Amino acid sequence: MTPTDDSAECYLDIRPDHDFSYQNLPYGVFSTPHTAPRVGVAIGDWVLDLSVLAEETDVFSFDASCFHEPALNAFMAQPRAVWTTARATIQRLLSKTEPVLQDNAALRARALLPMDTVLMHLPAEIGDYTDFYSSREHATNVGIMFRGKENALQPNWLHLPVGYHGRASSVVVSGTPVVRPQGQLQADPTDEKKGSNYGPCRLLDFELEIGAFVGGAPNPLGRPLTMAEADDHLFGLVLMNDWSARDIQKWEYVPLGPFTAKNFATSISPWVVTLDALRPFLCPTSAGTQDNPVPLPYLQDPSYASYDIQLEVGLQTPALAAPHTISRSNFRHLYWTIKQQLVHHSVTGCNLRPGDLLGSGTISGSNDTALGSMLELSWKGTRDVTLSDGSTRKFLQDGDTVVLKGWSQGQNFRVGFGECAGRILPVGAGPEMAAVETAGAWREGRRWGGLKLHGYWRSSATWRVRIALEWKGLEYEYVPVHLVEGAQKSEAYVALNPQAQVPTLEVRDLATGQTVMLTQSLPIIEFLDEAFPQTKSMLPKGGPDAVLKRAQVRRVAEMVNSGIQPLQNLSPMAQITAESGGAYDGKAFGKDAIVKGLAAMETVVKPLAGKYCVGNNVSLADAALVPQLYNARRFGVDLSAYPSLLRIEEALVSFPAFQRAHADAQEDAVKSKG
């Protein structure tokens, strides 16, 4: 297989419209809840762990120890020939004709991970970040707004790629929240001589951009790169949102350009799409040629071109269920290309290093549907941007999420970037709220955090929720509620849970800063599945049988939750004994309910089970099973009649997550025993 031969078929089943096709194979840095960050490749709904392949196989012809690193810099520093060879090797491993992965189930299980089980990190340690201003359409629009049509472009704009040095420390991975910035604002918009006030940004904006990562060996300080060398120093591209505080920028940008208005956050997508993957999509720029004026010789590119990358911007407010598309643009709308940006950056002898990031600048097209910022879409705040529910925006509000998407469309395949998303948090959110969200919420707006579980160590319902939290790797605070001492009936607790039951899960809505209360274990666990979808799911997802499997999981869980547990609780057992005047033993009644319930579960689970209650993935049903068997032992139930349930329990309790969630491991267990 040659590096550019994409005719072979992948043995994995990948949708034709999936961003991460066999023809793509973007690189990223990921971790799992209990493993360190390392390098992987996205392929369909999976992540191929290159560190496993480097350690357990000899498929790579170069030193692949770089794939164990928590950043791509070492791999980016390799020559282009190594990048191309690595891509060809990975394509060969994933092809239908190659047995290394297909025929080795153990290796496949270690190396090929479901994407919804991993956490993505910044792909590189970014030493320096530079942002350009290279879309003629965007520069013209902004110039017309502020200087008029006749003076839209500054005199230098057609002669060189205009840029400025950004702040590398505030480049963040997609999903990281963005706290609304504060700064100096012009006191009187019509009279700059009246000075400034301090306050929150009122004109917060996104910028639709593409970021290019520098690769190859660093050029020595004092030695510029040439156009002929540019391809060997461009590793790959990511989506980029260079957030902008327009009102802060207006006051501060003269005479040295943007400063604090652009240094508070820049979001990028986690997967780096290589130029090898994008090569089939080379296309003319929207300018077509550069002949009026002709660039100086060092900027002239004999192959002057861009890439046909379709770009979309979605805006999701707290009231919308999904992002509403507000702009569609294309990467071809760049007058100055990434090669020209790179070469001009080094013209003075500036040394560029692997992992340095170059932002394209806002990418706007020639019509009102292809504008790459709210500044343009609202035309400096003079017109509304209408969303799907009829609400409007001129600039971004707290709780809004901006989602960038990008892809190149081939015949029956797509080379895509995934998403670059960020949610606006209010000024009062502060770093602690952002830290909670970043640590706990791994996907889709990262809206929820600050998890606090109120429960009792031996409560089956609390235990189920602990299992889910531990299995998902979510950070949470545990607050004991001593049921035997009646703590659940206190005024303070009843204010949280009017039923005076456990568990109660406090959840902070990071978009609004509000705290909400959730009760009942099964709805809580389903909420965790939906709120944190990049964590390990407790309900089956994907595949033609997922709907039926979800119903089967819920069926087994409800056999415990509705069929057994209510009858074994202290309150109904005590009530039975009391109301019968002692004629009926409430505890014997509870034990009988357990025996009958487990017998029914054994019958139902036996044909459904694989390794676990329903198939081979841990689920909500398993979270219900383990606490129930613990309680059965407390009641003196002989469990030998339920071999399927015991086999599953033995497998489950070997997991560290189940061990951490176990009743006897809780901080209130020792105090409460006896």
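Look up: the structure comes first, before these words.
Residues numbered from 1 in each chain as written. Predicted model: local features only at pLDDT ≥ 70, side-chain atom pairs only at ≥ 80, totals over all residues. Heavy atoms only, no water.

S.K.: Can you help me understand the nonpolar core in this one?
M.R.: Generally speaking, soluble globular proteins have nonpolar side chains that are buried together. Counting 65 residues, the largest nonpolar core has Leu451, Ile467, Leu528, Val556, Leu598, Met601 and Leu645 as its most contacted members. No other element matches the 9 residues that helix α19 (residues 620–634) contributes to this core. Setting aside its immediate chain neighbours within four residues, Met601 contacts Val556, Met559, Val560, Ile564, Leu625 and Leu645. Membership of the second largest hydrophobic core comes to 58 residues, among which are Cys201, Leu237, Ile309 and Ile326. (Core = buried A, V, L, I, M, F, W, Y, C linked by side-chain atoms within 4.5 Å. Buried < 20%, exposed > 50% of the residue type's maximum accessible area, 1.4 Å probe, protein only. Helix = DSSP H or I, 4+ residues; strand = E, 2+ residues; numbered from the N terminus. Contact = heavy atoms within 4.5 Å.)

S.K.: I keep staring at the sheet that holds strand β28 (residues 477–480) and nothing clicks. Help me out?
M.R.: Pairing in this open sheet of 4 strands is mixed, and the strands run β28-β27-β29-β30 from one edge to the other. Among the strands making up the open sheet, the edge pair consists of β28 and β30 (514–519). Ignoring which end each strand starts from, the neighbouring axes of this sheet average 25° apart. Where strand β29 (residues 504–509) meets β30, 6 bridges bridge the pair, whose relative direction is antiparallel. Within the sheet, the bridge partner assigned to Arg508 lies in β30 and is Thr515. (Pairing = 2+ DSSP bridges. Axes fitted to C-alpha atoms, helices over the stretch in contact; angles between N-to-C directions.)

S.K.: Any chance you could explain the layout of surface pockets here in plain terms?
M.R.: The space that makes up the largest pocket amounts to roughly 1,900 Å³. Lining the largest pocket are 50 residues, with Pro114, Asp116, Thr117, Asn616 and Asn617 sitting closest to its centre. Within the residue set of the lining of the largest pocket, elements represented by two or more residues are β3 (46–49), α5 (105–111), β4 (112–114), α15 (546–561) and α21 (656–661). With 4 residues, α5 is the largest single contributor of residues to the lining of the largest pocket. Broken down by class, the residue content of the lining of the largest pocket amounts to 24 nonpolar, 12 polar and 14 charged. (1 Å grid on protein atoms, 1.4 Å probe; cavity = no way out; pocket = protein on both sides within 12 Å on 5 of 7 lines; lining within 4 Å. Points joined across faces, edges and corners; volume = space filled by probe spheres on them. Nonpolar A, V, L, I, M, F, W, Y, C, P; charged D, E, K, R; others polar.)

S.K.: Sorry if this is basic, but what is going on with the packing of helix α12 (residues 460–472) against α19 here?
M.R.: Geometry of a packed helix pair, given as the angle between the helix axes and the separation of the axes. α19 packs onto α12 with a crossing angle of 140° between their chain directions and a minimal axis gap of 8 Å. One finds that α12 runs oblique with respect to α19. The handedness of the crossing between α12 and α19 comes out as right-handed. Of the residues in α19, those in contact with Ser460, Trp463, Arg464 and Ile467 of α12 are Ala623, Ala624, Val626, Pro627, Tyr630 and Asn631. Across the contact of α12 with α19, the residue classes tally to 7 nonpolar, 2 polar and 1 charged. (Parallel < 35°, antiparallel > 145°, perpendicular 65-115°, else oblique. Left-handed = near helix turned anticlockwise from the far one by under 90°.)

S.K.: What should I look at first to understand the environment of Ser21 in this one?
M.R.: The residue Ser21 is located in the segment before β1 (27–31) in this model. Judged by its relative accessible area of 4%, Ser21 falls in the buried class. Placed 439 residues apart in sequence, Ser21 and Ser460 show a C-alpha to C-alpha distance of 44 Å. In this structure, Ser21 is in contact with Ile14, Ile43, Phe413, Arg414 and Val415, ignoring residues within four places of it in sequence.

S.K.: How do you make sense of the packing of aromatic side chains when you look at a structure like this?
M.R.: The description of an aromatic ring pair uses the distance of the two centres, along with the angle that the planes make with each other. For the coordinates displayed, the defined rule picks out 20 aromatic pairs. With a centroid separation of 6.0 Å and an interplanar angle of 70°, the aromatic rings of Trp471 and Phe658 are classed as edge-to-face. Here the residue Trp471 occupies a position in helix α12, and Phe658 occupies one in helix α21, the gap between them amounting to 187 residues. You can call Phe658 buried: its relative accessible area is 3%. Ring geometry for Phe655 and Phe658: centres 6.3 Å apart, planes at 40°, overall tilted. Ring-pair connections join several aromatic residues into one group, and the members of that group are Tyr27, Phe60, Phe62, Phe67, Phe75, Trp83 and Phe235. Positioned over the ring face of Phe635 is Lys587, at 5.8 Å from the centre of the ring. (Phe/Tyr/Trp six-rings, centres within 6.5 Å; stacked < 30°, edge-to-face > 60°. Lys NZ or Arg CZ within 6 Å of the ring centre and 35° of its normal.)

S.K.: Help me out: how do you make sense of the pattern of salt bridges in this one?
M.R.: If charged atoms from side chains of opposite charge come close, those side chains can pair. In this structure the tally under the stated criterion is 31 salt bridges. Where Glu419 meets Lys405, a salt bridge forms, and the shortest distance between an N and an O atom there is 3.9 Å. Here Glu419 is found in strand β26 (residues 414–425), whereas its partner Lys405 is found in strand β25 (residues 401–409), with 14 residues between them in sequence. Among the residues examined, Glu419 registers a relative accessible area of 35% and is labelled partly exposed. Exposure remark for Lys405: the relative accessible area of 36% places this residue in the partly exposed category. Glu649 is paired through a salt bridge with Arg633; the nearest N and O atoms lie 2.8 Å apart. Taken together, the residues Glu649 in helix α20 (residues 643–652) and Arg633 in helix α19 connect sequence positions 16 residues apart. Taking the relative accessible area as the measure of exposure, Glu649 reaches 10% and is therefore buried. We classify Arg633 as partly exposed; its relative accessible area is 43%. If you follow the salt bridges from partner to partner, you end up with Asp131, Asp205, Glu207, Asp242, Arg246 and Lys262 in one network. (Salt bridge = Lys/Arg side-chain N within 4 Å of Asp/Glu carboxyl O.)

S.K.: Whenever I open this one, unusual backbone geometry confuses me. Can you help?
M.R.: With the exception of glycine, the majority of residues adopt a negative phi angle, and the majority of peptide bonds are in the trans configuration. Backbone torsion omega between Val254 and Pro255 reads 5°, so that peptide bond is classified as cis. As for its placement among the helices and strands, Pro255 is situated in the loop between α7 (246–252) and β16 (266–268). Pro293 follows Asn292 through a cis peptide bond whose omega is 5°. With respect to the secondary-structure elements, Pro293 resides in the loop between β18 (282–283) and β19 (306–307). At Trp379, a residue that is not glycine, the phi angle is positive and equals roughly 45°. Within the fold, Trp379 resides in the loop between α10 (374–377) and β23 (385–386).

S.K.: In this structure, what is going on with the pairing of β25? I would like to understand it.
M.R.: Moving residue by residue along a regular strand, the side chains alternate between the two faces of the sheet. Among the 9 residues of β25, 7 are classified as buried, and the element is accordingly described as predominantly covered. With 7 bridges joining them, strand β20 (residues 310–316) and β25 adopt antiparallel strand pairing. If you follow Gly314 over to β25, its bridge partner there is Val403. Pairing analysis gives 8 bridges linking β25 to β26, with the strands arranged antiparallel. Residue pairing in the sheet places Trp407 in a bridge with Gly416 of β26.

S.K.: What is the right way to read the sheet that holds β1 from this model?
M.R.: Strand pairing in a sheet takes place through backbone hydrogen bonds and is either antiparallel or parallel in direction. Taken together, 5 strands build an open sheet; the order of strands is β4-β3-β2-β1-β5 and the sheet is antiparallel. Unpaired on one side and paired on the other, β4 and β5 (119–121) mark the two borders of the sheet. On average, adjacent strands in this sheet sit at an angle of 50° to one another, irrespective of strand direction. Where strand β2 (residues 38–43) meets β3, 4 bridges bridge the pair, whose relative direction is antiparallel. Directly across from Gly40, in β3, lies its bridge partner Asp49. Against the sheet, helix α3 (residues 80–94) touches β1, β2 and β3, its axis set at about 65° to β1.

S.K.: Any chance you could explain α19 here in plain terms?
M.R.: Side chains three or four residues apart in an α-helix point the same way, a direct result of the helix having 3.6 residues per turn. A rise of 1.5 Å per residue sets the reference length of α19, with its 15 residues, at 21 Å; its end C-alpha atoms lie 22 Å apart and thus fit the reference within 8%. Counting buried positions over the 15 residues of α19 gives 13, a clear majority of the element. Phi turns positive, to about 75°, at Gly636, one or two residues after α19. (Expected span 1.5 Å × (residues − 1).)

Take it as geometry only, folks, not as evidence of what the structure does.
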